[in-house]
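As a plain string of letters, each chain reads:
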Amino acid sequence: MSLAQIHHTLDAPGDEGAAGRFTAVGPGVSAALLAEIEPLVGYELPEGASHSPAELHALPQAFTYAVLSDGSRLVGRTAPARGEGRAAVRLHAHAVHIPAGVPLPGDRLPVEAWRSPHWATATPAGGALSDPVSALPPGPAPVREGLDDFAVSRGPWLATVLADLRRAGEEEPDGGPVVLVEKRGADVARWLGLAAVTLPRESVERLTFTTYTRRPAGSALRVVGVLPEDATVAREAGLRVHVCADRPPVDEVPDAWARTAARVWRSRVPGLFEEARELPGGPFAAGPLAVTALCAGVALGPEERAAAARWTAERPYALDAKRTAQLVEALTGPRVDDRTGSEFDAVGRLFGALDGRCPAPVTAPLAAMLVTEAVRGGNGSLELPRREAFTGPDGRALTQALAPEILGELGSGAGGPVPVGRTLQLLRVAKLLGVEIADLVPDTVDRLARTLLTEAAGPGAEPARPGAGAERPGAESAGRDGREGPGAGTPAFAPALLELLDEQFDVRTALLGALDRIAPDSPGAVARFLERVALPFTGTQTLPHLRMCAEVPGAMATLGGDRAAVWHRVLRAAGLSPFAEPLVLRTAVGLVWEDRAPTVEEARLLLEAATSDAHRTAGTWSRLVDAALAAPADVDEATALAHDLLRAFPDRTGDRERAALQLLELCRDLRTGGPDPGWAEQVSALCTRAEPLEPALRERAFTALVERLLAPDRPGAELYAFVHGDDADLIAAYAHAARTAPVATRLRTQPAYAADCFTVWTAYPHAGRAWTTTANALLDEVLRPAVRGMTPEAVAEVAETVGRTGSTGRANAFRDWNRSSPLGRLGRRIAGRVRRG
C-alpha cells in the first residue's frame, strides 16, 4: 500500500493578500483534487495571536480528516512553524491522500494518526518527495491512553457530546457540524478519540473532522474544533455548540444510549463498548450497553435500568446464567432508591420472561421487589408474579413483612377515597401472599364500588353516596339516549378489575352486591359504568338494579323516544314487581327520565303503575310533582294530575311544591267555575308561597284568574280584592287578556259586556296606580274603539245597560265619556257640515 503525500505552505500568514502554495505533491493527485484540498488544509491564526517564533508552541494545530468528492480521503495536519526571511511564522500543511476503498495503513482509524511522528513541518529540500507513504505510524502513545482521565474531567458534557457525535456519524446527518469548543486542539482530538472507542467503526469512519478552525459555519466537515473566542460566531450560525470545561449543561440528554455511554466512561471501563456490540440489537440501542454496564457493576439511572430490563425480557436467552444473575442483582440491589414506574413495569416483564426459564433463586428477588413496590410504592399497573414465586422461607418472610401494611391500608376508610388501581392491587397482593382479609372485604368493597363510579365518570365527578338521588333519582345521569356523558371510553382500571373479579369470587360477589345497592340512588352513574366495563353478573345473584342498568342502553336503542315503553322494558329486566320492591321503581325512573321531568301523560302512567306507598318509599313521588309543575301552560291534564297528587301525597310535598300544586288545582276550579271564595287573593298568596314559580305555571295561573275576572258573572268581591290587591304582575296579565281578540269581539258584539267593562274600568278611581293607569288605558285603547264601531242603537243600549246596572249618573258619565273623544267631536262637526252642504 502506498499513499501520496502533499505539502502546502503559507509563508506570510499575517500579510494581507498572502496566498499559500503546494510545494510538493505526490503522484495521482489531480489539479481538481488539489483545488478541493487547499481550503481543507488552510489555516487562520487565532485572533490576537503573536507571530513570535518563541510562542509557536501556544498556537493550535489543525488535524483534519475529510472525504473528497471522488470518494478518496485526506488525513493531514496544518501547524505553525518558524519562518524564514521577513516572515517570522509560516504555516505548513502535511497530508496524505487515501484513494477510495483503501484503508489506512494498519487498518487504523484516522484519529489514531493525530500524534504521528510522520507529520513534517517543512517541505523536503528541493521539493523532492520520498517514496509514497507505506506506513502511517500512530503517535508515541495509543489513542486510548489518557482517555479515561479526560472523560472523567469532561463528565458533565459526556452524554450531550456523545449524543451529537453519534448523530454526526450517521449516513445522512442533520444540520451543520458539531462544534467542540476547547482551549487546546489536542482536547478536541481526545473527544474524537472518545468517539472512536464509543461508536461503531462505520460511524467513526464517517465522522470527518478538524481539530481547529475559525470558520465553523462554512465547514463541510461533521465535527470541528474552535477556540473559546470563536464560540459566539458558531452559536450565531445556529450550530450545535459545546463549550467544554465551562458551565455544564443543565438539560438532561434524552438519548438513553448516550447517558449510558457517559456512565461507562466515568466508571473507566471503556472495554464494555466492545462487549456490548457483541450482543444483539441496534448499534445505538440502550439495552445492550445498559445490560453490559449493569453486569459490570456500573451504576445507571432508572431509564437505563428499564432499557436493560426490557431488552433482556425480549431476549431471555441472550445472556448466560452468570450474567443473568448479575443483571438481576443490579436491578434489585438495596442501594438503588430512584426506581420509577416505567422501570418497575420493565422489571415485571423481565420477571415474566425469566420465570420458569431460570432457577427460582434467580428470579425470587425480582418477585419480591415487584410485590414490595405494589404495596409500598403504590404502583397499580404492575404485572404481579404467580403465587408459586412466594413459597418457601423467603415467601413467608415477605408475607410477614407486608401483611400488616396491607391490612392497615385496606381496613382504613377514614383517609378519603383510595384510587381504584391501589385497592385492586392490594386485594390481589393479599391473595397472592395468602393474607387473610375476609373480615375487611365488605367495607373495602363498599368503598371500592363508589370509587369505581367516580373514576369512571372522569375528573370532577361527585362520588356516589347513599340517598343522593332519593329526591331526584337520575338527576346525576347523563349520556343516555344517544348523548355522550363525561369520561366516555373504557377506564384504565377495567382490565385489572375484571381480572380480580375472575380470580376472587368473594370479592366479585361483594362488589356486585354493593353496586346493586348503589344503583337506586345513582342509576345513571351505574348504567354508564356498565356500558364501559362489562361486569360478569350472570350468576345466581338477584341484582335487580344492576340488571336494569344493563338493560337500558339496548332498550333506548330499540325503542327510541318512547320512554314509557323503555320504562316498562327496564322494569321487567329487574325481575321484581314495584309492589314487592319499590326501589326498582326509583331505579327505573332514574334511568329513563334522568334529570328531566316526565310528561303529564308519563306521570299518569307512573302513578297508576304502583301504589302511593310504593312511590313514597321509592322517592319517585317528587318526579310526578315535577311533571305537573313543569307542564306547558296549554296542557289541561296537569291540573287534574295536581289534584290527584295532593290527595296521594299530602304529607310528602314541601311548602313550595304544595303551594304550586294547589295553584294548579285552583286553575282547574277557576276554569270550571267553582272555586271557593277569595280566589283572587289565593292566587296571589299561592304564587308567593310557590316561589321560585315555574314560568309555565305562573302563566297558567295568571291567565285563569284574569279570564275569570273578565267574565261578566265574576263575583264583585273577587274583583274588588283583585283591584285593591295592587299586584302589578296580575294587573299586567289582566291588561294583556283584555287586549286579546276574543275580548275585542265580545265588546263589539255584546253591548251588555261593553257596559260591564265600562262599569268595572271606571268603578275604582282611587285604587292603586297600577290599576288606575291600566283602567284608563283599557278605556281609551280597548273599549273606545269597540264602541266607535257599534251602531247608534248598540251605543244607546250600552248607555241604558250602564244606567240600569249602576245609576243614572253612571249612564250620563258613559255618554260624557263617549262624547269626550276628540275623534268623536271632530266626526260630528264633519257630519254636520256635510248635511248643511
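Caption draft 1: The arrangement of the overall build of the protein chain in detail. Within the protein chain, the regular secondary structure consists of 37 helices and nine strands. The contacts of the protein chain with a sequence gap of at least 6 include a subset with a gap of at least 24, amounting to 70%. Carbon together with sulfur atoms contributes 52% to the accessible area of the protein chain, which is approximately 38,200 Å² in total.

Caption draft 2: Structural context of the nonpolar core. Counting residues in each nonpolar core, the largest one holds 232 residues, and the members touching the most others are Phe529, Trp761 and Trp771. Those residues in contact with Phe529 that lie beyond four places of it in its chain are Leu452, Leu453, Ala456, Phe493, Leu497, Leu515 and Leu535.

Caption draft 3: The packing of helix H19 (residues 523–532) against helix H22 (residues 583–593), seen in detail. Where H19 contacts H22, the axes come no closer than 8 Å and their chain directions differ by 70°. In terms of orientation, H19 and H22 fall into the roughly perpendicular class. Both H19 and H22 take part in a crossing whose hand is right-handed. Note on element contacts: H22 touches H19 through Thr587, Gly590 and Leu591, opposite Pro523, Gly524 and Ala527. Its residues assigned to classes, the contact of H19 with H22 shows three nonpolar, three polar and no charged.

Caption draft 4: Representation of the packing of aromatic side chains. Under the definition given, this model contains 15 aromatic pairs. Lying across the ring of Phe284, Arg166 places its NZ or CZ 5.2 Å from the centre. Here Arg746 stacks its cationic end above the ring of Tyr753, 4.0 Å away from the centre of that ring.

Caption draft 5: Unusual backbone geometry, seen in detail. Here the amide bond leading from Glu691 into Pro692 is cis, since omega sits at -5°, within 30 degrees of zero. Summarising the element assignment, Pro692 is placed in the loop between helix H28 (679–689) and helix H29 (695–709). The phi angle at Asp107 is positive, at roughly 55°, despite the residue not being glycine. Mapped onto the elements, Asp107 comes out in the loop between strand E5 (89–98) and helix H2 (147–153). Of the residues examined, Asp107 reaches a relative accessible area of 46% and is grouped as partly exposed. Backbone geometry places Leu543, a non-glycine residue, at a positive phi of 50°. By secondary structure assignment, the location of Leu543 is in the loop between H19 and helix H20 (544–559).

Caption draft 6: A look at empty space enclosed by the protein. For the structure on display, the rule yields five cavities of 30 Å³ or more. By volume, the largest cavity amounts to about 60 Å³. Lining the largest cavity, in full, are Tyr65, Pro110, Val111, Leu192, Ala195, Ala196, Val204, Leu207 and Phe209. Within the lining of the largest cavity, the residues separate by chemical class into nine nonpolar, no polar and no charged.

Caption draft 7: Quick look at the pattern of salt bridges. For the coordinates displayed, the defined rule picks out 46 salt bridges. Here Arg154 and Asp187 are joined by a salt bridge, their closest N and O atoms 3.4 Å apart. Within this pair, whereas Arg154 is found in the loop between H2 and helix H3 (155–168), its partner Asp187 is found in helix H4 (residues 185–198), the two being separated by 33 residues in sequence. On the accessibility criterion, Arg154 (10% relative accessible area) is buried. Residue Arg804 pairs with Glu800 through a salt bridge whose shortest N-O separation is 3.9 Å. Taken together, the positions of Arg804 and Glu800, both in helix H35 (residues 792–805) and four residues apart, correspond to about one turn of that helix. Exposure remark for Arg804: the relative accessible area of 57% places this residue in the exposed category.

Caption draft 8: Spatial organisation of the packing of helix H12 (residues 341–354) against helix H13 (residues 360–377). Look at H12 against H13: their axes get within 10 Å of each other, and the N-to-C directions meet at 140°. Relative to H13, the element H12 is oriented oblique. Like other packed secondary-structure pairs, H12 and H13 cross with a definite hand, here left-handed. Seen from H12, the contacting residues are Phe344, Val347, Gly348, Leu350, Phe351 and Leu354; seen from H13, they are Thr363, Leu366, Ala367, Met369, Leu370 and Glu373.

Caption draft 9: A look at the confidence of the model for the protein chain. Looking at the protein chain as a whole, the pLDDT averages 85, with 90% of positions reaching at least 70. Contacts from residues 460–487, a stretch scored under 50 in pLDDT, to residues over four places away or in other chains number 77 contacts. Low pLDDT, under 50, characterises residues 822–837; the stretch is placed with four contacts to residues that sit more than four places away or in other chains.

Caption draft 10: Broad picture of the side chain of Thr210. For Thr210, the position within the fold is in strand E7 (residues 209–210). Polar side-chain contacts of Thr210 include one of 3.0 Å to the side chain of Thr64. Filtering out sequence-adjacent residues up to four positions away, Thr210 remains in contact with Ala62, Phe63, Thr64, Val188, Leu221, Val223, Val224 and Gly225.

Caption draft 11: Quick peek at helix H30 (residues 716–725). Considered for burial, the residues of H30 that qualify are Glu718, Leu719, Ala721, Phe722 and Val723. Summarising the contacts, the buried residues of H30 are in contact with H28, H29, helix H31 (728–738), helix H33 (751–762) and helix H34 (769–788). Of the residues trailing H30, Asp726 is marked for its positive phi of about 50°.

Caption draft 12: Region of the structure containing the sheet that holds E5. Pairing in this open sheet of nine strands is mixed, and the strands run E2-E1-E5-E4-E3-E7-E8-E6-E9 from one edge to the other. Of all strands in the sheet, those with a lone pairing partner are strand E2 (21–25) and strand E9 (240–243), marking the two edges.

Caption draft 13: Structural context of a negative patch on the surface. Together, Glu601, Asp634, Asp636, Glu637 and Glu699 make up a negatively charged patch on the protein surface. Looking at the secondary structure, you find Asp634 in the loop between helix H25 (621–629) and helix H26 (637–648).

Caption draft 14: Expanded view of the layout of surface pockets. Of the pockets and cavities examined, the largest pocket occupies roughly 470 Å³. If you go around the largest pocket, you meet 19 residues; those closest to its centre are Pro39, Leu40, Thr213, Ser219 and Leu221. Secondary structure elements with two or more residues in the lining of the largest pocket: helix H1 (31–41) and strand E3 (62–67). The leading source of residues in the lining of the largest pocket is E3, at four residues. By residue class, the composition of the lining of the largest pocket is nine nonpolar, seven polar and three charged.

Caption draft 15: Inspection of the environment of Leu498 at higher detail. Turning to its location among the elements, Leu498 is positioned in helix H17 (residues 494–503). Sequence-wise, Leu498 and Ala534 are 36 residues apart; in three dimensions their C-alpha atoms are separated by 8.3 Å. In this structure, Leu498 is in contact with Val533, Ala534, Leu535 and Pro536, ignoring residues within four places of it in sequence.

Caption draft 16: Geometry of the environment of Val178. For Val178, the location among the structural elements is in strand E6 (residues 178–181). Sequence-wise, Val178 and Leu165 are 13 residues apart; in three dimensions their C-alpha atoms are separated by 7.3 Å. Leave out the neighbours within four places in its chain, and Val178 touches Asp164, Ala168, Arg222, Val223, Val224, Arg240 and His242.

Caption draft 17: Spatial organisation of the environment of Ala550. Positionally, Ala550 belongs in helix H20. Between the alpha carbons of Ala550 and Phe529 there is a distance of 9.4 Å; along the sequence they are 21 residues apart. In this structure, Ala550 is in contact with Leu530 and Phe537, ignoring residues within four places of it in sequence.

Caption draft 18: Broad picture of H20. Here H20 spans 21 Å end to end across 16 residues, near enough to the 22 Å set by a 1.5 Å rise per residue. At Glu551, H20 shows its maximal bend, which comes to roughly 35°, and the proline Pro553 appears one to four places after that position. Of the residues making up H20, those classed as buried are Pro544, His545, Leu546, Met548, Cys549, Val552, Ala555 and Met556.

What counts, and where the lines are drawn
- Residues numbered from 1 in each chain as written.
- Predicted model: local features only at pLDDT ≥ 70, side-chain atom pairs only at ≥ 80, totals over all residues.
- Heavy atoms only, no water.
- Helix = DSSP H or I, 4+ residues; strand = E, 2+ residues; numbered from the N terminus.
- Contact = heavy atoms within 4.5 Å.
- Areas by Shrake-Rupley, 256 points an atom, 1.4 Å probe, with all protein chains shown as cover.
- Core = buried A, V, L, I, M, F, W, Y, C linked by side-chain atoms within 4.5 Å.
- Buried < 20%, exposed > 50% of the residue type's maximum accessible area, 1.4 Å probe, protein only.
- Axes fitted to C-alpha atoms, helices over the stretch in contact; angles between N-to-C directions.
- Parallel < 35°, antiparallel > 145°, perpendicular 65-115°, else oblique.
- Left-handed = near helix turned anticlockwise from the far one by under 90°.
- Nonpolar A, V, L, I, M, F, W, Y, C, P; charged D, E, K, R; others polar.
- Phe/Tyr/Trp six-rings, centres within 6.5 Å; stacked < 30°, edge-to-face > 60°.
- Lys NZ or Arg CZ within 6 Å of the ring centre and 35° of its normal.
- 1 Å grid on protein atoms, 1.4 Å probe; cavity = no way out; pocket = protein on both sides within 12 Å on 5 of 7 lines; lining within 4 Å.
- Points joined across faces, edges and corners; volume = space filled by probe spheres on them.
- Salt bridge = Lys/Arg side-chain N within 4 Å of Asp/Glu carboxyl O.
- pLDDT = per-residue confidence, 0-100.
- Polar contact = N/O pair within 3.5 Å; in protein donor to acceptor, adjacent residues only side chain to side chain.
- Pairing = 2+ DSSP bridges.
- Patch = residues over 30% accessible without salt bridge, like charges linked within 9 Å, V, L, I, M, F, W, Y side chains within 5 Å.
- Lys, Arg positive; Asp, Glu negative; His and termini not counted.
- Charge placed at Lys NZ, Arg CZ, Asp CG, Glu CD.
- Expected span 1.5 Å × (residues − 1).
- Bend = angle between axes of the 7 residues up to and from the residue.

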